[in-house]
Amino acid sequence: AIRHNVLFRACSNDELGDLIDAFSARKGVQRDSVVIREGAQGDGFYVLSTGSVSVYESTDFKGTLHSGMGFGEIALLYSCPRAATVRA
């Protein structure tokens, strides 16, 4: 799922394997549950292996992310609060 993600395109197969080994799976996310909340401290990066999530800034719908796409990197890269809320 991460092979086509823009953050990982330049990674070799070995590097991707190392990344995947470092990931931890979060299974059974319930529909309409909040995965990350706008304004919260960032503590992880997420990659969708299946399904989709909706992205909101304040109450404004911004888009849908699908399998293979990632989110949560802004807070980690810039040491800032989460920029959006992501719902399953």
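Residues numbered from 1 in each chain as written. Predicted model: local features only at pLDDT ≥ 70, side-chain atom pairs only at ≥ 80, totals over all residues. Heavy atoms only, no water.

Draft legend 1. Examining unusual backbone geometry more closely. Even without a glycine there, the phi angle at aspartate 32 is positive, about 70°. Residue position: aspartate 32 is located in the loop between helix H1 (13–22) and strand E1 (34–36). Residue aspartate 32 is classed as exposed on the basis of its relative accessible area of 53%. Although it is not a glycine, serine 58 adopts a positive phi angle of roughly 60°. With respect to the element layout, serine 58 can be found in the loop between strand E3 (52–57) and strand E4 (60–66). (Helix = DSSP H or I, 4+ residues; strand = E, 2+ residues; numbered from the N terminus. Buried < 20%, exposed > 50% of the residue type's maximum accessible area, 1.4 Å probe, protein only.)

Draft legend 2. Representation of the nonpolar core. Listed in full, the nine residues of the largest apolar core are Val35, Ile36, Leu48, Val53, Val55, Leu65, Phe71, Ala84 and Val86. Elements represented by at least two residues in this core include exactly E1 and E3. Dropping the residues within four chain positions of it, valine 55 is found in contact with Asp60, Phe61, Lys62, Gly63, Leu65, Ala84, Thr85 and Val86. (Core = buried A, V, L, I, M, F, W, Y, C linked by side-chain atoms within 4.5 Å. Contact = heavy atoms within 4.5 Å.)

Draft legend 3. Representation of the sheet that holds E4. On the basis of which strands lie adjacent, the open sheet formed by four strands has the order E1-E6-E3-E4 and antiparallel pairing. In this open sheet, the two edge strands, each paired with only one partner strand, are E1 and E4. Direction aside, neighbouring strands of the sheet carry axes that sit 30° apart on average. Here E1 pairs with strand E6 (residues 85–87) via two bridges, running antiparallel. Bridge pairing links valine 34 to arginine 87 in E6. (Pairing = 2+ DSSP bridges. Axes fitted to C-alpha atoms, helices over the stretch in contact; angles between N-to-C directions.)

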